[in-house]
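Coordinates in review
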Amino acid sequence: MPEDTDQAKGTAGFLFEMGMLKRAKRSGWWIAGVKDPETIAEHSFRVGLIGSVLAMMEGADPAKTALLGLWHDTQETRVSDIPHIGRRYLDAASNEKVTADQVSAAHPAVRAGAQRIVEEYETGDSLEVICAHDADKLECLIQAVEYREQGCANVQGWIDSSLEKLKTASAQALADAALHMTSVQWQRTYLS
């Protein structure tokens, strides 16, 4: 019984740690002049949704793609959101290593599952992984469009770099559509 209690505490501790993602800001946006950027959790939520949509459009498994997207930045509770310019100067631990440490005291099934999900996202080449990576980039592009509408003029680099990394035809089509509409244009369909 003490082992079960320790594993429950280890798993609950991991869940508390993930709550930090609701408070931790995506720091790369500060470089663009965004004063109050989105949190890592807000980013990951939309990555999961975008991933599921891309998977539907591409014929991949939407649930698996969403799961990959949901877990893709969970390591940032330990290593933070390092902007690309910062990566030039830092050697961070791999996401697989960070995840292994994060879940080391968790239930064995949680340890194995978390490590499998993160390893697949980092090293896999399935259509679900490709859609999850595209979702991460497409979310960044959409967020940049929203920040640009709010008056932040320095986001074009984020749009361009995200656009050039998209691999699926569906992600490219959605990016093109997002770049040619406003963030509130979706309302017109229902308010007309």
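Before going into details, it helps to say that this report is about the structure given with it.

What counts, and at which threshold
Residues numbered from 1 in each chain as written. Predicted model: local features only at pLDDT ≥ 70, side-chain atom pairs only at ≥ 80, totals over all residues. Heavy atoms only, no water. Core = buried A, V, L, I, M, F, W, Y, C linked by side-chain atoms within 4.5 Å. Buried < 20%, exposed > 50% of the residue type's maximum accessible area, 1.4 Å probe, protein only. Salt bridge = Lys/Arg side-chain N within 4 Å of Asp/Glu carboxyl O. Helix = DSSP H or I, 4+ residues; strand = E, 2+ residues; numbered from the N terminus. Polar contact = N/O pair within 3.5 Å; in protein donor to acceptor, adjacent residues only side chain to side chain. Contact = heavy atoms within 4.5 Å. Phe/Tyr/Trp six-rings, centres within 6.5 Å; stacked < 30°, edge-to-face > 60°.

1. Comments concerning the nonpolar core
Counting residues in each nonpolar core, the largest one holds 23 residues, and the members touching the most others are Trp-29, Leu-54, Leu-138, Leu-141 and Val-155. Among the nonpolar cores identified, the runner-up in size contains 14 residues, and Phe-14, Leu-21, Val-118 and Ala-132 belong to it.

2. Some thoughts on the pattern of salt bridges
In the structure shown here, the tally under the stated rule is eight salt bridges. The partner of Arg-26 in a salt bridge is Glu-38, with the nearest N and O atoms 2.9 Å apart. You can see Arg-26 sitting in the loop between α1 (2-19) and α2 (28-31) and its partner Glu-38 sitting in the loop between α2 and α3 (40-58), a full twelve residues away along the chain. Between Arg-46 and Glu-146 there is a salt bridge, with the nearest N and O atoms lying 2.9 Å from each other. A residue pair is termed long-range when its members are at least 10 positions apart, and Arg-46 in helix α3 and Glu-146 in helix α9 (residues 127-149) qualify at 100 residues.

3. Some thoughts on the side chain of Gln-102
For Gln-102, the position within the fold is in helix α7 (residues 95-102). According to the relative accessible area criterion, Gln-102 is buried, its value standing at 5%. One polar contact links Gln-102 to Glu-17, side chain to side chain, over a distance of 3.1 Å. Here the side chain of Gln-102 touches Thr-77 through a polar contact of 2.8 Å, side chain to side chain. Sequence-distant contacts of Gln-102, that is, excluding residues within four places in its chain, are made with Phe-14, Glu-17, Met-18, Thr-74, Gln-75, Thr-77 and Arg-78.

4. Points about the environment of His-72
Mapped onto the fold, His-72 is located in the loop between α4 (62-71) and α5 (76-79). Filtering out sequence-adjacent residues up to four positions away, His-72 remains in contact with His-43, Ser-44, Val-47, Asn-95, Tyr-121 and Asp-136. A polar side-chain atom of His-72 sits 2.6 Å from the main-chain carbonyl oxygen of Gly-69.

5. A closer look at the packing of aromatic side chains
In this structure the tally under the stated criterion is three aromatic pairs. Taking 5.0 Å as the distance between ring centres and 75 degrees as the angle between the ring planes, the aromatic pair formed by Trp-29 and Tyr-147 counts as edge-to-face. Of this pair, Trp-29 sits in helix α2 while Tyr-147 sits in helix α9; the two residues are 118 residues apart in sequence, bridging distant segments of the chain. For Tyr-147, a relative accessible area of 5% gives the class buried. Between Trp-29 and Trp-158 the ring centres are 5.6 Å apart and the planes differ by 25 degrees, which places this aromatic pair in the stacked class. One end of the pair, Trp-29, is in helix α2; the other, Trp-158, is in helix α10 (residues 156-165), with 129 residues separating them in the sequence. By relative accessible area, which is 23% here, Trp-158 ends up partly exposed. Taken together, the ring pairs in this structure connect Trp-29, Tyr-147 and Trp-158 into an aromatic cluster.

6. Some details on the environment of Glu-42
On the secondary structure map, Glu-42 appears in helix α3. By relative accessible area, which is 46% here, Glu-42 ends up partly exposed. Each C-alpha atom, one on Glu-42 and one on Thr-189, is 25 Å from the other, the two residues being 147 residues apart in sequence. A distance of 2.7 Å separates a polar atom in the side chain of Glu-42 from the backbone nitrogen of Thr-39.

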